[in-house]
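Report on the structure
Each chain is listed here by its residues.
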Amino acid sequence: MPLGAAVCLLPVVSTGLALLAGLGVAMTVGNPFAGTTRKLTPRLLSLAVVGLGAGMDLGAVLSAGREGLGYTVVGIALCLVLGVGLARLLGVPRVTGLLISVGTAICGGSAIAAVVPVLRPQEHETSVALGTVFLLNAVALFVFPVVGHALGLTPHQFGLWCAMAIHDTSSVVGAALRYGPEALAVATPVKLARALWILPLTVGLAAWKRREGDAVTGKVRRPWFIAGFLGAAAVVTVFPALKPVGQGVAAVARQVLVVTLFLLGAGLTRDTLRAVGLRPLAQAVVLWLLMAGLCLGALRLGWVG
């Protein structure tokens with residue numbers, strides 16, 4: 001495991017290769033550092049996102065964020081409605097279905113982790129939701145760039161599409177990175193603007209649970225790395241002389257993201273796969289395909305972007 005992570009720091013290792021390597025380790029020899037991996041992965045992702053900000057212009061970041069704001073609100077609301085409806089239709093337990101819907105609507109595992117103190121799911125329900133979302137993230141990292149090139153999407157269009165239709169920030173950034181720097185510059189701020197909705201959604205769910213008479217425990221996780229991303233972009237924009245340094249920091253951050261994807265792959269254990277049932281998986285797949293198809297259709301028709 002440590003050797004694999006170290007190799008992923010080499011510039012020749014891509015995001016897709018790192019993810020496959022992590023999956024290979026998990027499925028063959030297993031991950032003896034599973035607990036450490038789970039703790040380290042979100043921290044590395046946060047650092048990578050902040051570092052990527054050092055390579056971007058703040059004006060372009062804010063412009064992309066504003067552009068994606070309206071799409072984000074509509075997309076989150078539509079995804080939650082469709083997700084809850086699919087869960088009922090397929091007979092998925094309410095909490096499991098809601099976790100999958102929240103993870104699809106906002107930012108995958110981060111959103112699921114944020115609402116756990118509010119919804120108080122059983123451990124297996126959380127594992128099922130995280131497992132289904134992670135599987136689809138892995139698929140998206142490889143499939144989205146292929147579809148984007150096949151359909152002739154511009155980097156701008158692709159950046160918007162993957163930011164709106166891929167679950168986790170890691171896979172959004174990874175897919176956009178494979179498509180090119182322009183796609184990455186669009187996808188990252190739009191995805192982070194989407195991640196900001198973790199807080200209001202969690203507060204809303206907490207109010208709903210209290211109205212039903214249920215207790216709410218734990219603290220809401222706030223996505224502070226978004227402020228770090230904007231701060232890094234602001235520094236290199238206000239002080240242009242620091243741009244070469246910022247580009248170096250961003251290059252390091254891209255390789256840290258590669259390591260993060262390796263660790264994500266290594267976190268997909270056999271136990272996680274066994275926990276994923278057919279009905280939750282069906283809900284997650286259908287919901288994801290619906291949202292990806294709707295977003296792509298809106299882009300092709302010129303309604304978005």
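Note that the structure is predicted; figures quoted are calculated from it, not measured.

Counting its secondary structure elements, the chain contains 15 helices and 0 strands. Evaluated residue by residue, the chain yields a buried proportion of 50% over its 305 residues. A separation threshold of at least 6 residues defines the contact pool for the chain, and within that pool the share at least 24 residues apart is 84%. Only carbon and sulfur atoms are counted for the fraction: they give 70% of the accessible area of the chain, which is about 13,700 Å².

The next thing to look at is the UniProt feature "transmembrane region" (unreviewed entry) in the chain. The UniProt record annotates "transmembrane region" (unreviewed entry) at residues 42-62, 69-90, 96-116, 128-151, 192-208, 224-242, 248-269 and 281-303. This span, residues 192-208, is 88% helix and 0% strand, and a straight line between its end C-alpha atoms measures 25 Å. End C-alpha atoms of residues 224-242 are separated by 23 Å, and the span's content is 74% helix alongside 0% strand.

Let us look at the environment of Cys 162. Locating Cys 162 in the fold gives a position in helix H8 (residues 155-165). Remark: the alpha-carbon pair of Cys 162 and Lys 191, spanning 29 residues in sequence, is separated by 8.5 Å.

Let us look at the side chain of Thr 96. Residue placement: Thr 96 occurs in helix H5 (residues 94-105). The buried category is assigned to Thr 96, whose relative accessible area is 4%. For Thr 96, the residues in contact, after removing those within four places along its chain, are Glu 125, Val 128 and Pro 280.

The next subject is the packing of H8 against helix H9 (residues 169-179). Helix-helix packing is characterised by the crossing angle of the two axes and by the distance between the axes. At a closest axis distance of 9 Å, the pairing of H8 and H9 adopts a crossing angle of 165°. Classified by the angle between their axes, H8 and H9 sit roughly antiparallel to one another. Considering only the axes of H8 and H9, their crossing is right-handed. Together, Pro 155, Phe 158, Cys 162 and Ala 163 of H8 and Val 172, Ala 175, Ala 176 and Tyr 179 of H9 make up the contact between the two elements. Of the residues assigned to the contact of H8 with H9, the class counts are 8 nonpolar, no polar and no charged.

Cut-off values and rules
Residues numbered from 1 in each chain as written. Predicted model: local features only at pLDDT ≥ 70, side-chain atom pairs only at ≥ 80, totals over all residues. Heavy atoms only, no water. Helix = DSSP H or I, 4+ residues; strand = E, 2+ residues; numbered from the N terminus. Buried < 20%, exposed > 50% of the residue type's maximum accessible area, 1.4 Å probe, protein only. Contact = heavy atoms within 4.5 Å. Areas by Shrake-Rupley, 256 points an atom, 1.4 Å probe, with all protein chains shown as cover. UniProt positions renumbered as here; feature names shortened; annotations may be inferred. Axes fitted to C-alpha atoms, helices over the stretch in contact; angles between N-to-C directions. Parallel < 35°, antiparallel > 145°, perpendicular 65-115°, else oblique. Left-handed = near helix turned anticlockwise from the far one by under 90°. Nonpolar A, V, L, I, M, F, W, Y, C, P; charged D, E, K, R; others polar.

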